[in-house]
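Examining the three-dimensional arrangement
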Amino acid sequence: MTDTTHTDATDAEANAAPLLLAGGRLSLDPVGSRVLLDGKPIELGGRSFTLLHTLMRHPMQLLAKDRLIELVWEGRAVSDAVLTTAVRDLRRALNDSARRPLWIKTEHGRGYRFIADVQTKRSLPEPSPPTGAELSMPEQRESRAAIATQRATPLAVSPFRRLPPSWLIAGIAGLGLVIVLAASVFLGERTSATSAINRSVAVLDFENLSAEDDTAWFANALSEELTSALTRVSDLRVASRRATFTASQDSQDLQDIAHHLGVANILEGTVRISGDQVRVTVSLVSASDGAQVWSQSYDRDFNHLLSLQTDIATAVANTLDTALDPDTLVRMASVGTESIAAYEAYMRGQALMAQFWQTGRSESWSRAQPLLDRARSIDPDFAQAHAASALVFKYSNTPSLVMRADALSGEAYRQEYAARMDAAIAAARDPIEAASYRALRDFELFELDAAREALATYLTARPYDIDANFQHSNTLVMLGRHEEAQQVIRRLAEIIPREDATNRSLLIQHARKSRDFEFAATLSRETLTDHPFFGVALVEAHWAFLFIDAVDEAREVAARIEASQVGRIAQMSIRLNQFCADGNREEAVPIAAEMTNHPRSFIVAWYAYRALGDDDAAYGRLLELDAPGTPPSRLRTLLLNDPSFDPARFEHLSAALVEAGGRLTEPTQPAVRCPPA
């Protein structure tokens, strides 16, 4: 440094902080409350400005969360979540990335660090005049209106003409195809000697760097659709969205995430929308060394966005190995509709569906349903919209997920659900996609053998679809074909790496459901060795150990669960089962009483009564659910999840099971029994 000094980090010198701070391309004027990036002014709210000022006064130093809250919020009590939101908003304004930061680095679980060299300056650079992409909001609206007037096309009259504008949706198809093709270039052209693990990828949530509020759904839905598109490549193993979300919550480091998921490549990206300009930056990163295998930024305006798919897909397809058919890849990545309005509604609905899985808030379903229904009404040939609408309809009418007085059941539910899935099947792009929809429909309608056949067809073409394999196992279990289900799970255990805590935990569950109890215990020991405090693994391992009477191992797991953040009902169930396994009926009885005291509690009460040895009460409460037609969800849940459940005790359930091609197999003993009173 010349003629400059670092600002000091001590609180005693806070009031003497230099007036003008410069960190590379970023400049801050504390007195004038101005911030310039590359000589251009950026607008920050008061809290964001204070946060940036605080970080820049302490360059290269780790500021703990508590310390930052004290300095920025002046001692007021706020949660870590408030700080996290403030940092995210500041990063968005600075066009910074949490994964590849230029300015603000997250020290996981500890705090934040401003990583640019900060110097003092006598004056800030003169602000540059705003460009078209940086116009004020009123000017942006005028610009959009002018474009809409000049272009008298259906694009300009979309019913969803809010930020981002409807024309932006047309770019998703192109971007999805570009990324799929690019991934295929670098993952698909490896020689046969290359390990299968190198042909694996996880798609992270794309980071939304847009200043406008109504844009986050675009980035979220784009990640969902890319994962779905890549899953259609038969020789790629793609980490599920569920596992990827869990891994990315635990770490921001790409190599850590890849290790956690057991994949060789990470696909990440950012989205920034400003007025009528969109920039999407995509990178394919090798997990072995963190190097970028491929990276590209796409800047498009209204005039050129629609050409994105043609321009880039053609160029990339020309470089593909002949073993990969470019036409097949184009068809695979297509969005399934030519209506921008339909696709915008679909993508907004998909973003809300993803929100449910991340937050557990069932109101996301009620908000997603009209969007998806609108998409399928605009374009009756939009298969994905029909299927997504059916999924939302299913969960919106599932008693264990939502409490609705007007929830449909019986034949009314069956007809409405079937109509949506039949429309998806009819509109499917190819027989493989149609098979996936048939499998979902037939499983839900309890046409189990038909679902098994459809899944076999689908998995022949897409063997690495982890979720479809789990669904195949579930179908075989409900049919009573436990040995075949065990074969599916053992094959999956060879595909899913031990680093993937989420799916390895589900393997334990599915091994137990298929009655492969010793294998479930083996998987439990492996998974807890690798992930000793992973909540789902702990719960599943506890069940697995109880089924083989490994009481000491179960007790050790129960102690970890007690100290974890597992939900209240799960905690109660674990405590009840462990007390019974230890022979302590006295401690178990009051827990069981709390679990059974609500007359509409069916599944929880079932497990409590069974643990106490009161089989008559356990089956007796469920008998009112047994009725002609498609079996209700609660009975199907127990048929699938508890090997000791006996469907022969239910007249209508057993008849439906036989009609569906299933077998009435002998139930196992319960996982645990308390000593008699």
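Look above for the structure.
These remarks concern the structure in this document. (Residues numbered from 1 in each chain as written. Predicted model: local features only at pLDDT ≥ 70, side-chain atom pairs only at ≥ 80, totals over all residues. Heavy atoms only, no water.)

1. Section: the pairing of strand β2 (residues 26–29)
Of the two faces of β2, the one lined by Leu26 and Leu28 and the one lined by Ser27 and Asp29 are each fully buried. Strand direction decides the pairing type here: strand β1 (residues 21–23) and β2, joined by 3 bridges, are antiparallel. By the bridge assignment for β2, Ala22 is matched with Ser27. Hairpin connection between β1 and β2: a loop of 2 residues separates the two successive antiparallel strands, and Gly24 in this loop has a positive phi of roughly 65°. Note that β2 and strand β3 (residues 34–37) share 4 bridges and pair antiparallel. When the sheet's bridge partners are listed, Leu26 is paired in β3 with Leu37. Here β2 hands over to β3 after 4 residues, with Ser33 in that stretch at a positive phi of 50°. (Buried < 20%, exposed > 50% of the residue type's maximum accessible area, 1.4 Å probe, protein only. Helix = DSSP H or I, 4+ residues; strand = E, 2+ residues; numbered from the N terminus. Pairing = 2+ DSSP bridges.)

2. Examining the packing of helix α18 (residues 466–478) against helix α19 (residues 482–495)
In contact at an axis separation of 8 Å, α18 and α19 are set at 160° when each is read in the N-to-C sense. Taken together, the axes of α18 and α19 lie roughly antiparallel to each other. Handedness of the α18/α19 crossing: left-handed. On the side of α18, the interface is formed by Ile466, Asn469, Phe470, His472, Ser473, Leu476 and Val477, while α19 contributes His482, Glu484, Ala485, Val488, Ile489, Leu492 and Ile495. (Axes fitted to C-alpha atoms, helices over the stretch in contact; angles between N-to-C directions. Parallel < 35°, antiparallel > 145°, perpendicular 65-115°, else oblique. Left-handed = near helix turned anticlockwise from the far one by under 90°. Contact = heavy atoms within 4.5 Å.)

3. Things to note about the packing of aromatic side chains
Taken as a whole, this structure holds 11 aromatic pairs when the rule is applied. Relative to Tyr413, the ring of Phe393 has its centre 5.4 Å away and its plane inclined at 10°; by these criteria the two rings are stacked. Residue Phe393 is located in helix α14 (residues 383–396), and its partner Tyr413 is located in helix α15 (residues 410–427); the two are separated by 20 residues in the primary sequence. Relative accessible area serves as the criterion here: at 6%, Phe393 is assigned to the buried category. Judged by relative accessible area, Tyr413 falls into the buried class, the value being 10%. Ring centres of Trp543 and Tyr607 lie 5.5 Å apart, and the angle between their planes is 55°; this geometry places the pair in the tilted category. Here Trp543 is found in helix α22 (residues 535–547), whereas its partner Tyr607 is found in helix α26 (residues 603–612), with 64 residues between them in sequence. Among the aromatic residues, those joined into a ring-pair cluster are Trp606, Tyr619, Phe645 and Phe650. Stacked on the ring of Phe519, the Lys or Arg Arg490 has its end atom at 4.1 Å from the ring centre. One cation-aromatic arrangement involves Arg560 over Phe533; the distance from NZ or CZ to the ring centre is 5.8 Å. (Phe/Tyr/Trp six-rings, centres within 6.5 Å; stacked < 30°, edge-to-face > 60°. Lys NZ or Arg CZ within 6 Å of the ring centre and 35° of its normal.)

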